[in-house]
Amino acid sequence: MHPETKLVHGTVAPVDRATIHPYEDGTPGRFHYQRYAHPVGAEAERLLSELEGGESLLFPSGMAATTSLLLALLRPGASVAVADGGYFGTVGMMRQELVRWGLEVTTFDQTAPPPPADLVWLEPCANPFLTFPDLDAAVERAHAAGSLVVVDNTVLSPLLLRPLDHGADLVLHSATKILAGHHDALLGVVTCADPAAAARLGEFRKASGIVAAPDPAWLLLRGLKTLSLRVERQSATALELARRLAEHPAVRCVRYPGLGDPVAARYVRAFGPLLSFDVADAERALRVELALRLIENATSLGGVASTLEGRARWEPERVPPGLLRLSVGLEDVDDLWADLSQALEA
Ligand SMILES: Cc1ncc(COP(=O)(O)O)c(C=O)c1O
């Protein structure tokens, strides 16, 4: 079966909120206590495992997934090399929290080979700089140096890219984004190529209690049913808007791998919902935000409703003051363009 078929196959799982299920003949079953496992989470994990081609574990947020992965699979004093155009919270958490546990953190340009480290962290269609690594070459180099490779696949989803097929060891998702897809569920996922790593992470999750609840897991299952349609449409609209933005006189530059990134084109046939573009300065960026009528001036990405924000409010040291990040939803492309162009002219 194709992934599109797997995603919609089957009846709707009930939202089982029970924290306990009775023992059978004195023997605790798989779902005897919700911290260990629960039926809705297990069903979501089954589906995500098939999609990514590994063993998936659900977490209560993308950051919970990142934290758990690092604490469960690394040791104090380990080194991590993180792609520098990617989600600021990933490297931010490592530097703010895990340095106290001895983690050594460096960043590197993921369009070049990764430096030696215990763990290499890649992010294709990096949020918000939209860089794209040469995955096969990066994995080969990292493995030759004895590094594990994690790919944050949040922006593309397994329908566009399956990093484990390219030799990555682990895939991470903020499932809050395009997987759940409706801006109503906070979740994360780690998929492991090695069953031993999945078992280790599962033990860590049970012990730490960093466990996703059944309700968001159910919303994820609901969202996944339409993932293929959403990914196709959002990617097509994002490409068209990126092209139109690139022609607009108020736009200094547009970042979208679909605008001719030759490396990205070797790995994916569509480029996801996320793009960023620069206007002249912070004042201009704020004017665009305030003039929007249709697109939500809000954070996050991958939802059915388009969102736009100036990223310098969150990461002023790294991001140009005029950088606007746009996540393209399911609205009509011309309605989105009408809103963007009137806001750019405001
Ligand atoms: C690429 C990427 N990875 C990870 C995360 C963290 O996910 P969450 O917000 O679900 O904790 C985000 C959130 O914005 C993200 O954009």
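Residues numbered from 1 in each chain as written. Predicted model: local features only at pLDDT ≥ 70, side-chain atom pairs only at ≥ 80, totals over all residues.

## With respect to the sheet that holds strand β3 (residues 104-108)
- Across the sheet, seven strands lie side by side as β1-β7-β6-β5-β4-β2-β3; this open sheet has mixed pairing. Single-partner strands in this sheet number two, and they are β1 (55-59) and β3. Neighbour-to-neighbour, the strand axes of the sheet open up by a mean angle of 20°, direction not taken into account.
- Across four bridges, strand β4 (residues 119-122) lies against strand β5 (residues 148-152) in parallel orientation. Note that in β5 the partner of Leu119 across the bridge is Leu148.
- Together, β1, β6 (170-174) and β7 (188-192) form the strand contacts of helix α6 (residues 195-208), whose direction differs from that of β1 by roughly 20°. (Pairing = 2+ DSSP bridges. Helix = DSSP H or I, 4+ residues; strand = E, 2+ residues; numbered from the N terminus. Axes fitted to C-alpha atoms, helices over the stretch in contact; angles between N-to-C directions. Contact = placed C-beta atoms within 7 Å.)

## Quick word on the packing of helix α2 (residues 39-52) against helix α7 (residues 214-224)
- With their axes 8 Å apart at the nearest point, α2 and α7 run at an angle of 35° to one another. Our pair here, α2 against α7, has a crossing hand that is left-handed. In this structure, α2 uses Val40, Gly41, Glu43, Ala44 and Leu47 to contact α7, whose residues at the interface are Pro214, Ala217, Trp218, Leu220, Leu221 and Leu224.
- Across the contact of α2 with α7, the residue classes break down as nine nonpolar, one polar and one charged. (Left-handed = near helix turned anticlockwise from the far one by under 90°. Nonpolar A, V, L, I, M, F, W, Y, C, P; charged D, E, K, R; others polar.)

## Here's the deal with the site of the ligand
- The environment of the ligand is made up of 13 residues, and the closest members are Ser61, Gly62, Met63, Ser174 and Thr176.
- The residue makeup of the shell around the ligand, split by class, is three nonpolar, eight polar and two charged. (Near = placed C-beta within 6 Å.)

## Topic: the domain arrangement of the protein
- Domain parsing of the protein yields domain 1 (3-224) and domain 2 (227-345).
- The centre of domain 1, based on its C-alpha atoms, is set 26 Å off from the matching centre of domain 2.
- With 26 residues of domain 1 in contact, the opposing surface of domain 2 contributes 32 residues.
- Every element with two or more residues in the side of domain 1 that touches domain 2 is listed here: α1 (3-8) and α7.
- Counted by class, the side of domain 1 that touches domain 2 contains 16 nonpolar, seven polar and three charged residues. (Domains from an automatic or database assignment.)

## What to know about helix α8 (residues 227-247)
- For α8, with 21 residues, the first-to-last C-alpha span of 30 Å sits near the 30 Å given by 1.5 Å per residue.
- Buried residues of α8: Leu227, Arg230, Val231, Gln234, Ser235, Thr237, Ala238, Leu239, Leu241, Ala242 and Leu245, and no others.
- Here the buried face of α8 lies against α1, α7, β8 (253-255), β9 (274-278) and α11 (333-345). (Expected span 1.5 Å × (residues − 1). Buried ≥ 20, exposed ≤ 12 C-beta atoms within 10 Å, placed from the backbone.)

## Points about the pairing of strand β2 (residues 79-83)
- Burial runs high along β2: four of the five residues are buried.
- Looking at chain direction, β2 and β3 are connected through five bridges and run parallel. Across the sheet, residue Ala83 finds its bridge partner in β3, namely Phe108.
- Crossover β2 to β3 through helix α4 (residues 88-96) is right-handed.
- Judged from the three bridges that link them, β2 and β4 form a sheet pairing that is parallel. Its bridge partner being in β4, Ala81 is matched across the sheet by Val120. (Right-handed = clockwise from strand over helix to strand, strands pointing away.)

## Topic: the sheet that holds strand β11 (residues 307-310)
- Overall, mixed pairing links the five strands, which are arranged β8-β9-β12-β11-β10 in an open sheet. Edge positions in the sheet fall to β8 and β10 (296-297), since each has one partner strand and no second.
- In this sheet, β9 lies alongside β8 in antiparallel orientation, the contact comprising three bridges. What sits directly across from Val254, in β9, is Phe277.
- Here helix α10 (residues 282-291) sits on the sheet in contact with β10, β11 and β12 (323-327), set at roughly 155° to β11.

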